[in-house]
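Observations on chain architecture
One-letter residues, chain by chain:
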Amino acid sequence: MNEVRLGIIGIGNMGRGHIDYMMEGKWNRVKLTAVCDTNPEKLEWVKERNLDVECFTTDEDFFEKAPVDAVIIATPHYSHPPLAIEAFKHGMHVLCEKPAGVYTRQVREMNEAAVKSGKVFGMMFNQRRNPVYQKVRDLVQNGELGEMKRVVWIITNWYRSQSYYDSGTWRATWEGEGGGVLLNQDPHQLDLWQWMCGMPTKIRAFMKFGIHRNIEVENDVTAYAEYANGATGLFVTSTHESPGTNRLEISGDRGKIVVENDIITFHRTRITESQFNAECTCGFGEPECWTFQVPVQGYNDAHAGIVNNFASAILDGTELMAPGVEGINGLTLSNAMHMSAWTDSTIDLATLDEDKFYDLLQERIKNSTQKKKENDVTLNVKGTH
């Protein structure tokens, strides 16, 4: 096999986006051979582009008949794990859009199915292709910053107006999306956080649900984290602030890294803070500090880079940039944040009660705005007959 026959399930915004950059010639050794969507209008959009692909209206037909070796799953969040599991059963490699799912119990089943299948399993964590974050990860994990003391990420430039939320009854509902800013906008940052700095051990989160917006899910989050070595973290995010901020700070024994506007500034101490503290007798003062911009090489090939890396893993055995089994890490962070806010408690990530989380989520789904809207529509339809 010298190319991967790839199918896409879900021709919404992301599915169309993948097709768009494919048509720009950004895929290497990958050929789109099939698509699937239950909406005929979305399949018509594909046909209008004169693509030589087979179209399916049900995932059952797709899995049984589609001429593909691999599939991109670009459907609503809840369906990611079951579709991936079914794809593995049919011998397909899987590239899953973010998030991996809505609750870790379900994602754990997907990971187990992936390992059992022996197929290549990747996540569409395209921000891992950004050389800025690759460089930060390198600096942190190779000791340039010394032992980490604190990480602070303020990511409040996810502005969404009420009209955005009103564009679909499924948006910003527990039943439709399974969460708000943490499940829709922030999966990339949650993944990058643990990818660069490792997983914390504890989370305490505070949330506002529908503040300044008529929605039911979280759109304002402040989370405090603790690490095994005593380091702490703070993650602040929202969708209602304008102008917003995207600023990452990571402090360590050798200074501080600041990332803003795709620029890495390193405030590097000449000696470690711990050494200065041990030797200082003056009472005041600080280590000598050099401030400079860290050079970053390469470019961000984003989604296309993930697809091409996925194909290379299938064809050549290349290491995946974003292994699918790692999708559970960022989701664990968001599940812990939700659980913390719902129960007003600190959550130990090692003992996160997945069954309790699922039950608490089901309570919110039961009273979801989407269900109320669907019931209202049903009543109105019945009234017209």
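For the structure, check the block above.
Right, let's walk through the structure included here. Values in this document were obtained by computation on a predicted structure and should not be read as measured data.

Definitions and limits used
- The residue numbers shown here count from 1 along each chain, following its written sequence.
- Reporting in this predicted model follows two pLDDT cut-offs: at least 70 for local features of residues, and 80 or more for side-chain atom pairs to be given and counted; totals over whole chains, interfaces and linings ignore these cut-offs and use all residues.
- Water and hydrogen atoms play no part in the side-chain values, which are based on all heavy atoms of the structure.
- Whether a set of points on the 1 Å grid over the protein atoms alone is a cavity depends on a 1.4 Å probe fitting there but being unable to get out, while an open set qualifies as a pocket with protein on both sides within 12 Å along at least five of seven lines; lining residues are those with an atom within 4 Å of a point.
- Grid points are joined across faces, edges and corners, and a volume is the space filled by probe spheres set on the points.
- Working definition: helices are DSSP H or I runs of at least four residues, strands are E runs of at least two. Numbering for both runs from the N terminus.
- Gly is put with the polar residues, along with every residue not named as nonpolar or charged; the nonpolar set is Ala, Val, Leu, Ile, Met, Phe, Trp, Tyr, Cys and Pro, and the charged set is Asp, Glu, Lys and Arg.
- Think of it in three bands: residues with accessible area under 20% of the maximum for their type are buried, residues over 50% are exposed, and the middle band is partly exposed, with areas taken using a 1.4 Å probe on protein chains only.
- Here, residues are in contact when the closest pair of their heavy atoms is within 4.5 Å.
- When DSSP finds at least two bridges between two strands, those strands are taken to pair.
- Here the axes come from fitting lines to C-alpha atoms, over the contacting stretch only for helices, and the angles between their N-to-C directions go from 0 to 180 degrees.
- Oblique is the label for any angle not under 35 degrees, not over 145, and not in the 65 to 115 range, which are roughly parallel, roughly antiparallel and roughly perpendicular in turn.
- Crossing handedness: left-handed means the near helix sits turned counterclockwise from the far one by under a right angle, and right-handed means the same turn made clockwise.

Turning our eyes to something else, we now look at empty space enclosed by the protein. Summed over all chains, the structure comprises 2 cavities of 30 Å³ or more. Sorting the residues of the lining of the largest cavity by element identifies helix H8 (181–184), helix H9 (187–197) and helix H12 (327–343) as the ones contributing at least two each. A total of 4 residues in the lining of the largest cavity trace back to one element, the largest contributor, which is H12. Considering only residue class, the lining of the largest cavity consists of 8 nonpolar, 3 polar and no charged. Each pocket or cavity is described by its volume, and for the second largest cavity that value is around 50 Å³. In terms of lining residues, the second largest cavity is bounded by Tyr165, Ala172, Glu177, Gly179, Gly180, Val181, Asn184, Gln185, Ile215, Val217 and Glu218. Counted by class, the lining of the second largest cavity contains 5 nonpolar, 4 polar and 2 charged residues.

For the rest of this paragraph, the subject is H9. Residues three or four positions apart in an α-helix share a direction because the helix packs 3.6 residues into each turn. Burial within H9 is extensive, with 11 of its 11 residues counted as buried. Among the residues of H9, Pro187, His188, Gln189, Leu190, Asp191, Leu192, Trp193, Gln194, Trp195, Met196 and Cys197 are the ones counted as buried. After H9 finishes, the residue Gly198 shows a positive phi value of roughly 85°.

Let's shift gears to the side chain of Gln189. Here Gln189 is to be found in helix H9. Its relative accessible area of 6% is what places Gln189 among the buried residues. Sequence-distant contacts of Gln189, that is, excluding residues within four places in its chain, are made with Trp153, Ile155, Trp158 and Phe235.

With respect to the helices and strands, the residue Val259 is situated in strand S12 (residues 255–260). Each C-alpha atom, one on Val259 and one on Val152, is 11 Å from the other, the two residues being 107 residues apart in sequence. Once you skip the residues sitting within four places of it in the chain, Val259 turns out to touch Val132, Val136, Asn246, Arg247, Leu248 and Ile264.

Spatial strand order, S3-S2-S1-S4-S5-S6: 6 strands in an open sheet with parallel pairing. The sheet terminates laterally at strand S3 (54–56) and strand S6 (121–123), the two strands that pair on one side only. Within this sheet the neighbouring strands show an average axis-to-axis angle of 25°, counted without direction. Note that strand S5 (residues 93–96) and S6 share 3 bridges and pair parallel.

A few words now on the packing of helix H5 (residues 104–117) against H12. Viewed as axis vectors pointing N to C, H5 and H12 meet at an angle of 170°, and their least axial separation amounts to 10 Å. Relative to H12, the element H5 lies roughly antiparallel. Across the interface between the two elements, Thr104, Val107, Arg108 and Asn111 of H5 pack against Ile328, Leu331, Thr332 and Asn335 of H12. For the contact of H5 with H12, the class distribution of residues is 3 nonpolar, 4 polar and 1 charged.

Sizing a probe to match a water molecule and rolling it over the atoms shows the empty space that remains. Each pocket or cavity is described by its volume, and for the largest pocket that value is around 1000 Å³. As for the largest pocket, its lining consists of 37 residues, of which Asn13, Ala74, Thr75, Pro76 and Trp170 are closest to the centre. Of all the secondary-structure elements, those providing two or more residues to the lining of the largest pocket are helix H1 (13–23) and helix H4 (80–89). In terms of residue count, H1 provides more of the lining of the largest pocket than any other element does, 3 residues in total. Within this model, the second largest pocket holds a volume of roughly 180 Å³. Every element with two or more residues in the lining of the second largest pocket is listed here: H9, strand S11 (246–252) and S12. When residues of the lining of the second largest pocket are assigned to their parent elements, the largest contribution, 3 residues, is made by H9. For the lining of the second largest pocket, a count of residues per class yields 6 nonpolar, 6 polar and 2 charged.

The next subject is the packing of H4 against H5. Direction vectors running N to C along H4 and H5 enclose 15°, while the axes themselves pass 9 Å from each other. Judged on the interaxial angle alone, H5 and H4 are roughly parallel. When you trace H4 past H5, the crossing you get is left-handed. On H5, the residues that touch His80, Pro81, Pro82, Ala84, Ile85 and Phe88 of H4 are Gln106, Val107, Glu109, Met110, Ala113, Ala114 and Ser117. Here the residues of the contact of H4 with H5 sort into 9 nonpolar, 3 polar and 1 charged.

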